[in-house]
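As a plain string of letters, each chain reads:
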Amino acid sequence: MPNRKPEIRTENLELLLLTPVEVLASIDAMSPSDRAEVSPDWLAKVMALTEADPWMHGFAMVHRENGAVIGSCGYKGPPSQDAVVEIAYGLAPEYWGRGYATEAARALVAFAFDSGRVRLVCAHTRPEPNASTRVLTKCGFTYVGEVIDPEDGLVWRWELQGPAK
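The structure displayed is predicted, hence computed values, not measured ones. (Residues numbered from 1 in each chain as written. Predicted model: local features only at pLDDT ≥ 70, side-chain atom pairs only at ≥ 80, totals over all residues. Heavy atoms only, no water.)

A. Looking closely at the sheet that holds strand β2 (residues 13–17). The eight strands lie next to each other as β1-β2-β3-β4-β5-β6-β8-β7, forming an open sheet whose pairing is mixed. Taken across any chain shown, the strands that pair with only one partner, and hence form the sheet edges, are β1 (8–9) and β7 (142–149). Relative to strand β8 (residues 153–161), β7 runs antiparallel, the two sharing seven bridges. Looking across to β8, one finds that Asp 149 is bridged to Gly 153. Those strands touched by helix α4 (residues 100–114) are β1, β2, β3 (59–63), β4 (69–75), β5 (84–91), β6 (120–125) and β8, and its axis lies near 155° from that of β5. (Pairing = 2+ DSSP bridges. Helix = DSSP H or I, 4+ residues; strand = E, 2+ residues; numbered from the N terminus. Contact = heavy atoms within 4.5 Å. Axes fitted to C-alpha atoms, helices over the stretch in contact; angles between N-to-C directions.)

B. Quick look at unusual backbone geometry. Positive phi values are uncommon outside glycine, yet Ala 83 reaches one of about 65°. Residue position: Ala 83 is located in the loop between β4 and β5. Look at Ala 83 and you get buried, because its relative accessible area is 17%. (Buried < 20%, exposed > 50% of the residue type's maximum accessible area, 1.4 Å probe, protein only.)

C. Broad picture of the packing of aromatic side chains. Tallied over the full model, the rule gives eight aromatic pairs. Taking 6.0 Å as the distance between ring centres and 75° as the angle between the ring planes, the aromatic pair formed by Phe 59 and Phe 111 counts as edge-to-face. Of this pair, Phe 59 sits in strand β3 while Phe 111 sits in helix α4; the two residues are 52 residues apart in sequence, bridging distant segments of the chain. Looking at Phe 59, the relative accessible area reads 0%, which means it is buried. Joined through ring pairs, the aromatic side chains of Trp 55, Phe 59, Tyr 75 and Phe 111 make up one cluster. (Phe/Tyr/Trp six-rings, centres within 6.5 Å; stacked < 30°, edge-to-face > 60°.)

D. Molecular detail of the side chain of His 63. By the secondary structure assignment, His 63 is in strand β3. Using a relative accessible area of 7% as the deciding quantity, one classes His 63 as buried. A polar side-chain atom of His 63 sits 3.1 Å from the main-chain amide nitrogen of Glu 65. In this structure, His 63 is in contact with Asn 12, Leu 13, Ala 68, Ile 70, Tyr 95 and Tyr 100, ignoring residues within four places of it in sequence. (Polar contact = N/O pair within 3.5 Å; in protein donor to acceptor, adjacent residues only side chain to side chain.)

E. Spatial organisation of the pairing of β6. Among the six residues in β6, five count as buried, and that is most of the element. Read from β5 through α4 to β6, the crossover connection turns out right-handed. Here β6 pairs with β8 via six bridges, running antiparallel. Bridge pairing links His 124 to Arg 157 in β8. (Right-handed = clockwise from strand over helix to strand, strands pointing away.)

F. Representation of the nonpolar core in the model. Counting 35 residues, the largest nonpolar core has Ile 87, Val 121 and Phe 141 as the members making the most contacts within it. Of all the elements in the fold, those that place two or more residues in this core are β2, β3, β4, β5, α4, β6, α5 (131–138) and β8. Element by element, the count of residues in this core is highest for α4, at nine residues. Counting nine residues, the second-largest nonpolar core is a separate cluster that includes Leu 16, Val 46, Met 56 and Val 62. (Core = buried A, V, L, I, M, F, W, Y, C linked by side-chain atoms within 4.5 Å.)

G. Inspection of the environment of Gly 140 at higher detail. When you line up the elements, Gly 140 lands in the loop between α5 and β7. It is 9.2 Å that separates the C-alpha atoms of Gly 140 and Arg 106, two residues lying 34 residues apart in sequence. In this structure, Gly 140 is in contact with Glu 159 and Leu 160, ignoring residues within four places of it in sequence.

And the structure:
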């Protein structure tokens, strides 16, 4: 990953905005089964962009102390017409349980609300208690119920309302 200024800096992480080329390279490097999980609609949108876009390309999570890329995080698209955006994150297993996913999720939430384009941040998890449900709870999200995601099927929906304006 080239040396560049982080888009978002937290206590332990630098979130580096990914370029379209980096996103496509990471998809090419995936196993065929993982690649099959990539949304064709999202991939078409990514391929149509020529410049890095925080709402579409996401961020590499770089550990500030050792410079390792430990995961990725981002949004599942730009804010909707009703000012809602969905966050997503993933972390290398060797970094689980250290608070980095929570730190990244909080940073994504702050970035979204600070943009002035978002009034509500949502997230979806598998429909069972797990590490992501704990991350979202720590970040102040509220479980709102089960929903059917067009790509993931049955999921739990979590929401966090932005600060009152």
